[in-house]
Amino acid sequence: MARETWATRLGFILAAVGSAVGLGNIWRFPWQTAENGGSAFLIVYLAIVLLVGVPGLLAEFVIGRRSNKSPVGALRDLSGSKTWGAVGVFSVVTGITLLSFYSVVGGWILRYLLESGVSLVGSNPAYFANPGQYFGGVSAGVDAALYHLLFLGLTALIVFAGVRKGIEFGTKIMMPAVVVLLVGLAAWAATQPNAAAGYSFFLRFDPSVLSENFFAILGPAAGQALFTLSLGAGTMITYASYLDEDRSLPFDGSAIAVLNTSVGVLTGLVVFPLLFSQGINPAETGTGPGALFVGLAGAFSQLPAGTLIATAFFAVVTLAALSSSISMLEIPVAFLVDEYEIERRNAVIGMGVLIAITGSICAFRPDIFGFVAGTLVNALLTAGLAAFLLFVGWVMGRDAIDEFTSGVGSFGESLATPWLFAVGVILPLFLVFTLLSQFGVDAAIGFWKTVGIAAVASVAAFFGLRNANSVI
Ligand code: TRP
């Protein structure tokens, strides 16, 4: 059977933007910003998106479009080595891990949407009365598991419909709806009293916060940049593998990064003025996974037409979350379809059942949820992206340049060599460093020693995999 492709270029861009724009922008970004010094975090994050995110995105695109395969087949076929294929299997594991916790959060959101929607006529949503207590009651246990199953079911339906009729069609509707609703909400938030304090927290840049906390901000900012651009799990390899003509990847990649960042900032322009208008300072109130629900729900309950605003807000979040969760499920599904020629329908059912179980574990056990959503996902994404970059830099080499430059103009061509150098040398070093610092290594032994270990580890990992080539 012929492999599916995107129907249009815009379809590919919107699908990739749909993957990127998600809970990472709406749920994770405002709170990472709040926890890490407001606008100082924003600056570091923007710099990493530009300097690490965009080149990394292009690396995944180059692997996918060159091979027309999902990660396992792509790494194996392009290198001729089964060991690299095994590295690709990591992305299948990462995709399943991501969706296991993401679907639980998606379930919370769905619940808040339904709760707000049915309250449009009649009384206030139940969570208005005591947001903290309400969230505590529904965020774990049977309720959380049931809504996780509902969210996962919606995800599976879209993926089941295929690349064009499911993912492309779905994101073409969902993404514009997200932007229109967010712009409306941001405009409305601007009219609220004390909105200015929110903007100032979010946007007023204070260099001293940055210089004093630079290394503390670096790790979370890097993790956020990878997560929000859907990097390190092979999502973008898989999506680019459905491209059939050579169009400019640097153009598409930059457009995707700009759109994704704009939605993140736009969300901040909704969330922060609303919180400050109700006298909630996010740097002072508790943070953690429930913070968005508790803080914003509290703000909604105080606002005129709060139920309507809450419904619109949770509709945005649901659509954004779904257009991302489908890109997570597509990784293991494409793997089964490509490698074992399993029918898409059966692949979706099989993976759906597996994630129904792993997600339910996250729904019942907040401790496991916290570990998976934080440490485990950060480590998997960072290590995954480092492996993809080393692959592009050292295994693909000239082929990568060739793929990068096909369909670009002379400006794009001039970027190819610096890009390959960054991807092969500088960025893996940076990623391994942040991986080590996520585990507290630099705090324990100091900055330069950690850089040294990162360099040795990158070189060792690369040679280990390179020697594996000669076996085949
Ligand atoms: N980028 C999405 C978000 O911000 C999440 C996501 C989708 C993702 N696919 C991914 C994250 C692949 C990492 C890897 O919500």
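Cut-offs used in this document
- Residues numbered from 1 in each chain as written.
- Predicted model: local features only at pLDDT ≥ 70, side-chain atom pairs only at ≥ 80, totals over all residues.
- Heavy atoms only, no water.
- Helix = DSSP H or I, 4+ residues; strand = E, 2+ residues; numbered from the N terminus.
- Buried < 20%, exposed > 50% of the residue type's maximum accessible area, 1.4 Å probe, protein only.
- Expected span 1.5 Å × (residues − 1).
- Bend = angle between axes of the 7 residues up to and from the residue.
- Near = heavy atom within 4 Å.
- Polar contact = N/O pair within 3.5 Å; in protein donor to acceptor, adjacent residues only side chain to side chain.
- Areas by Shrake-Rupley, 256 points an atom, 1.4 Å probe, with all protein chains shown as cover.
- Nonpolar A, V, L, I, M, F, W, Y, C, P; charged D, E, K, R; others polar.
- Axes fitted to C-alpha atoms, helices over the stretch in contact; angles between N-to-C directions.
- Parallel < 35°, antiparallel > 145°, perpendicular 65-115°, else oblique.
- Left-handed = near helix turned anticlockwise from the far one by under 90°.
- Contact = heavy atoms within 4.5 Å.

Trainee: Please provide a residue-by-residue account of unusual backbone geometry, values included.
Mentor: Here Asn68, not a glycine, exhibits a phi torsion of approximately 50°, which is positive. Summarising the element assignment, Asn68 is placed in the loop between helix 3 (39-67) and helix 4 (71-79). A relative accessible area of 33% places Asn68 in the partly exposed class. Positive phi outside glycine occurs at Glu341, with the angle close to 50°.

Trainee: Report on helix 14 (residues 306-340), specifying residues and quantitative values.
Mentor: End to end, helix 14 covers 50 Å across 35 residues, agreeing with the expected 51 Å (1.5 Å per residue, within 8%). Remark: the principal bend of helix 14, roughly 30°, maps to Glu330, with a proline, Pro332, within the next four residues. Buried residues dominate helix 14, accounting for 28 of its 35 residues.

Trainee: Which residues make up the site of the ligand, and what values go with them?
Mentor: Lining the immediate environment of the ligand, one finds 17 residues, of which Ala20, Gly24, Tyr102, Phe227 and Ser230 sit closest. Contact between the ligand and Tyr102: an oxygen atom at 2.5 Å from a side-chain N or O atom of the residue. Between the ligand and Ser327, the relevant distance is 3.1 Å, taken from a nitrogen atom to a side-chain nitrogen or oxygen of the residue. Within the complex, 100% of the 360 Å² of free accessible area of the ligand lies under protein. Listed by contribution, the elements that provide at least two residues to the shell around the ligand are helix 1 (9-20), helix 2 (23-35), helix 5 (82-118), helix 10 (207-228) and helix 14. Looking at the shell around the ligand residue by residue, the class counts come to eight nonpolar, nine polar and no charged.

Trainee: Account for the environment of Gly464, with residues named and values stated.
Mentor: Mapped onto the secondary structure, Gly464 falls in helix 20 (residues 447-471). Owing to a relative accessible area of 45%, Gly464 belongs among the partly exposed residues under this scheme. Remark: the alpha-carbon pair of Gly464 and Phe128, spanning 336 residues in sequence, is separated by 56 Å.

Trainee: I'd like to hear about the packing of helix 3 against helix 10, residue by residue, with values.
Mentor: The interhelical angle for the contact between helix 3 and helix 10, taken along N-to-C directions, is 50°, at an axis separation of 8 Å. When the axes of helix 3 and helix 10 are compared, the pair comes out oblique. Like other packed secondary-structure pairs, helix 3 and helix 10 cross with a definite hand, here right-handed. On helix 10, the residues that touch Ala40, Phe41, Val44, Tyr45, Ile48 and Val49 of helix 3 are Val209, Leu210, Phe214, Ile217, Leu218, Pro220, Ala221, Ala222, Gln224, Ala225 and Thr228. The class makeup of the residues in the contact of helix 3 with helix 10 is 15 nonpolar, two polar and no charged.

Geometric values such as these leave the question of function open.
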